[in-house]
Each structure stands twice: as C-alpha cells, then as structure tokens.
Amino acid sequence: MLVRNLLYTKGLFKVHSFDVHTIGVGNLSMGGDGKSPMVEYLVSLCKENRLKPAVLSRGYRRETRGFVYAQPHHNSSTLGDEPYLFYSKYDISVAVDENRVRGMSKIVKMPGFDSEVIVLDDVYQHRSVNPGLLILVSDFQRPFYSDRVLPSGRLREFPESANRADIIVFTKTPERITAMEMKSMIKDFKLLAHQKVFFCYTKYGELFHASNPKQTINTLKELCHLKVILFSGIANPEPMITYLSEYAVSVHPITYPDHHPYTLQDLEQIQKYFEAFTTQQKIIVTTEKDLMRLKNPAIWSRVSKMAIYVLPIYFSFKEKQAEFDDLIINYVRRTKPYADLLKK
C-alpha cells in the first residue's frame, strides 16, 4: 500500500478528474465507521437544497459485474445492498462499477443524467479517481490514528493516509462528550492546515414494519414493553444493540457476516428463535441495509409474513453542523470542477 500510494503521489499512476462535482466518502479501516450514513446525509443535504445528487459505488457483494445503472427492476443482488438502499430510498441516479474510472465515464453519459454532484461511496483507496472533496470517516471509539494496519490492526492503509482528506468526521461520538474532550482528541493526530474536523453521533428513527412502512412502533411508549430479537449482517452492530437495550425489555442479537445474503433457511431459524419466547410482547428488528437483502424475490414472501421491523440509522452533528453543510453546498454550487479549471 505504501508503494502504491507513492506511485500515485509521484504521478506514475494516472489520476483521473472529471467535469462534474464529486465528493468522495471513505475510511481507513475494514468497515463499520459509518460510510453509508454519511453518504445518506450528503444525499439528503443536497436534495434539501434543491441540488441533484447521484451515487457511484463499487456494489460490494453483488452478483453482477461491470457497470450497472440502477433501474426499477434491480435489487440488492444486481446493485449491492448499500447502492440499492440509496436508489430505493432517495429516488436518485445510482450506478455501480468496480472500476471507478469506467463508472464515472459511463454514468455522466447516461440518457437523462442531470445530477450536479456525484457522491463516490467507499472511494478512499480508489485513487485513480480524484474527488473534488474527500471525506474520511472514522469511528470515535476506534480512531484511525491509534490503530494499526492488518493483520495487527483493522486498517487497510497506514494512518498517515488521512493527510489526503479534506474533511475528517469522527462518527458514533458519545452524545454527552464535551467541547474540551473533542479538542483533546484533535490534538492526538496532526491536523493539516486545510483540513476540517467534525464530530457526529448516531441517531435512530422510529421502527417501521418491513412490508408495511406505515406501521410503526413508538420507541418511548411501546418498545419498553417488548422483547427484541435483533438480527443483522453489518460490520458493527454493537451501537444498535446498546441503543435498543436502553428501551426494550431485553435484546437478543443474532449476528451474520457483513453483507450476508439471507436464505429461507436463515429466516426459518430466526422465526423459530422468535417463537421460542413464550411472551406475545416481542418483535424482530433489523437494519435498513439488511432490509435491502431481504427484498430478494426468492425470500420476500416469507419475510412479509414475519414480525420484522426496521430501525433507520442517521447522523447528527455534535456541533458545527451548519459549517459542515456550508462546506458541502458551497463546493457544489460555487466551486468549478477540476476539468473547468484546466480550461483557464
């Protein structure tokens, strides 16, 4: 990784820039830092400000290869669970391609494509594309600067690679952290003059039924009477387990590998575990990312008959949210893409 980064830095490996605004989101660790909620935040922020975002992702664990432009008949098998979530939840242009340069070249040429900014999901190690703005996310509880590269740690590349980021966001920050504690944490790594640092924490929405989103559960009034069987195939389910444990009678986790493709056998096992609890005051809970994989036509009829509720996850900033929002919106609205600068 050191040699590869050096070859890019020296210009021996080509870096491509495109005539469109691009915001890259990535991390240094193996996962669980909150890339997907950050992409969602950026998409929502742009839409709220009447800007048209698009998302380009690798499409991890999909069954297809090459470039795929999201269409109504697609699902998590053809797009990957995270891109399918972005597409189905926000009604935006979404494409996947393991070759990011090819993906960028093709998405901008798609008929009717009129997005003003492309959010590049999980792009930190894909240095062949140069984002106009690069955001590094890192788990507050497992910050990149105190971790090590595999196999002695969880990092995909060395902590010094954070120098490439324009914005560093520490996710899953404790809600009760003080300003002094945040300043102390920033001192633990060498911040460059151009870099901005922000802290955000995870918030959860109201539980909604997997097959009927209008059917919801009030966290404060109803969840306190229920036992929760929580199943998930995400990198780090611990924060969600902690959150549900604060409100529910009890939480009983069932964990699968990250991006696990659910089968009928999995659902039968979950249902049997659910039925083993004699009380009637019980529900099954999963995440929005897991829901995307549950929408597989081969298992959806079974899913729709189960008492499965979905827990939405999103980010909220501890402070300086307006500053973060302005950085993003001003970049999209005022900063010309790199290709335009070359024409001067």
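What you see is a predicted model, and the numbers here were worked out from it, not measured in a lab.

Undergrad: Quick rundown of the overall build of the protein? Include the residues and the values.
TA: A count of helical and extended segments in the protein gives 12 helices and 15 strands. Relative to a compact globule of 344 residues, whose C-alpha radius of gyration would be 20 Å, the protein shows 21 Å and is just as compact. Out of the 344 residues in the protein, the part that is buried amounts to 55%. For the protein, contacts bridging at least 24 residues in sequence account for 77% of all contacts bridging at least 6. For the protein, the exposed area adds up to about 16700 Å²; of that, 51% sits on carbon and sulfur atoms. Taking the average location of the 46 positive side-chain charges in the protein and that of its 37 negative ones, the two points are 3 Å from each other.

Undergrad: I'd like a rundown of the packing of aromatic side chains, residues and numbers included.
TA: The geometry of an aromatic ring pair comes down to the distance between the two centres and the angle between the two planes. This model, assessed by the stated rule, comprises 19 aromatic pairs. Taken together, a centroid distance of 5.4 Å and an interplanar angle of 85° make the contact between Tyr 273 and Phe 277 edge-to-face. Judged by its relative accessible area of 33%, Tyr 273 is partly exposed. Site record: aromatic cluster; members linked through ring pairs are Phe 140, Phe 144, Tyr 145, Phe 170, Phe 189 and Phe 199.

Undergrad: Pulling in residues and values, what's your account of the sheet that holds strand S9 (residues 207-209)?
TA: With respect to topology, six strands assemble into an open sheet ordered S10-S9-S14-S13-S11-S12, the strand pairing being mixed. Whereas interior strands pair on both sides, the edge strands pair on one side only; in this sheet they are strand S10 (216-217) and strand S12 (250-255). In terms of strand pairing, strand S11 (residues 227-232) meets strand S13 (residues 282-287) through four bridges, oriented parallel. Along S13, the bridge assignment pairs Ile 229 with Ile 284. Where helix H7 (residues 238-247) meets the sheet, its contacts fall on S11, S12, S13 and strand S14 (308-311), and the angle it forms with S11 comes to roughly 170°. Its contacts with the sheet put helix H8 (residues 264-275) on S11, S12 and S13, and the angle it makes with S13 is roughly 145°.

Undergrad: Outline helix H2 (residues 35-48), listing residues and values.
TA: A rise of 1.5 Å per residue sets the reference length of H2, with its 14 residues, at 20 Å; its end C-alpha atoms lie 20 Å apart and thus fit the reference within 8%. Counting buried residues along H2, 11 of its 14 residues qualify, which places the element largely inside the surrounding structure. Positive backbone phi, approximately 60°, marks Arg 50, located one or two places after H2.

About the thresholds
- Going along each chain's sequence as written, the residues are numbered from 1 onward.
- For a predicted model such as this one, the threshold for reporting local features is a pLDDT of at least 70, and the threshold for listing and counting side-chain atom pairs is 80 or more; totals across whole chains, interfaces and linings nevertheless cover every residue.
- Just so you know, side-chain values use all the structure's heavy atoms and leave hydrogens and water out.
- Runs of H or I in DSSP of at least four residues are treated as helices and runs of E of at least two as strands, each being numbered from the N terminus.
- The globule rule used here is 2.2 Å times the number of residues to the 0.38 power, and the radius of gyration it is set against is calculated over C-alpha atoms.
- Here the term buried applies to any residue with accessible area under 20% of the maximum for its type, exposed to any over 50%, and partly exposed to those in between, with areas from a 1.4 Å probe on protein chains only.
- Contacts are assigned to residue pairs with any non-hydrogen atoms lying within 4.5 Å of each other.
- Here the Shrake-Rupley method, with its probe set to 1.4 Å, supplies the accessible areas, and only the displayed protein chains count as covering residues.
- Under the counting rule used here, the positive set is Lys and Arg, the negative set is Asp and Glu, and His together with the chain ends is not counted.
- Charged side chains are reduced to one point each, which is NZ for Lys, CZ for Arg, CG for Asp and CD for Glu.
- Working definition: a ring pair exists when centres of Phe, Tyr or Trp rings (six-membered ring for Trp) sit within 6.5 Å. Plane angles under 30 degrees give stacked, over 60 give edge-to-face, the rest tilted.
- Here the rule is simple: two strands pair whenever DSSP picks up at least two bridges between them.
- Only the stretch in contact is used when fitting a helix axis, every axis being a line fitted to C-alpha atoms; angles between N-to-C directions are given from 0 to 180 degrees.
- By definition here, a helix of n residues has an expected span of 1.5 Å times n minus one.

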